[in-house]
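# Results of the structural survey
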Amino acid sequence: SLYGLSITGLRFFTVYGPWGRPDMATYLFMDSFKNNRPITLFNNGDMLRDFTYVDDVVNVISLLLRRPHGVNKGALDLLNVGNETVVRLADFVAILERLIGRLAEKFYEPKQAGDVLMTHANTSRLRQQIGYIPDTVVEDGLKNTVDWYLQQ
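To start, this report covers the structure provided alongside it. (Residues numbered from 1 in each chain as written. Predicted model: local features only at pLDDT ≥ 70, side-chain atom pairs only at ≥ 80, totals over all residues. Heavy atoms only, no water.)

### Topic: the nonpolar core
Grouped together as the largest cluster of nonpolar side chains are 22 residues, with contacts concentrated most on F29, F92, L96 and V138. Secondary structure elements with two or more residues in this core: α1 (25–34), β3 (39–42), α3 (89–100) and α5 (138–151). Among the nonpolar cores identified, the runner-up in size contains 8 residues, and V57, V60, L64 and L79 belong to it. (Core = buried A, V, L, I, M, F, W, Y, C linked by side-chain atoms within 4.5 Å. Buried < 20%, exposed > 50% of the residue type's maximum accessible area, 1.4 Å probe, protein only. Helix = DSSP H or I, 4+ residues; strand = E, 2+ residues; numbered from the N terminus.)

### Focus on the side chain of D77
Relative to the helices and strands, D77 is located in strand β6 (residues 76–81). Among the polar contacts listed, one links the side chain of D77 to the side chain of Q129, at a separation of 2.9 Å. (Polar contact = N/O pair within 3.5 Å; in protein donor to acceptor, adjacent residues only side chain to side chain.)

### Considerations on empty space enclosed by the protein
Taken as a whole and judged by the stated rule, the model has 1 cavity of 30 Å³ or more. In this structure, the largest cavity encloses a volume near 30 Å³. What lines the largest cavity is simply T14, V15, Y16, M24, A25, T26 and F51. Among the secondary structure elements, those contributing two or more residues to the lining of the largest cavity are β2 (15–16) and α1. For the lining of the largest cavity, the residue count by class is 5 nonpolar, 2 polar and no charged. (1 Å grid on protein atoms, 1.4 Å probe; cavity = no way out; pocket = protein on both sides within 12 Å on 5 of 7 lines; lining within 4 Å. Points joined across faces, edges and corners; volume = space filled by probe spheres on them. Nonpolar A, V, L, I, M, F, W, Y, C, P; charged D, E, K, R; others polar.)

Rendered as C-alpha cells:
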C-alpha cells in the first residue's frame, strides 16, 4: 500500500500435465506403473481433488497479464485457479489404468494426518475478472500427460 502496487496472488489446485512436478500424485502413479510397483492410496482413494491441467493454468496467467491494471491501486487480489470439478482419487487412478492399458496393484493406507478430504476451487472471481472457464476435462488432460510421459 505504501507504493500503490496492486498484487495478485494465485492459489493453484492440484496442477498436473507434461513437465509437472515428479513428487505429485500423477507422476508418482505413472512411475509406479512403469516400475511395476503398487500405487499407495490413502483413505481408500476417497479423497476428492480439483485436478487442474497445466494448459488451463497457463491460460489463466496469460489472461491475467493482459487485463487492465491500475483500477484498484494498492489492492491485494487472491484468486483460485482450478478446474471447478472434483474427482475422487480412486477414479483418477482408474482413468490412468484405462489410458495405460493395465490395472495397478493398489496398496491402501489410512488417511494421513493433516490431509483434507476435499479440495475444490471456487473460481467465480476469475470468471468475473477474465471470463475464465477451464477448457480441459481430467480424462483429456490425463491422456495428454500419459502420452507425454510414455515418450520420455
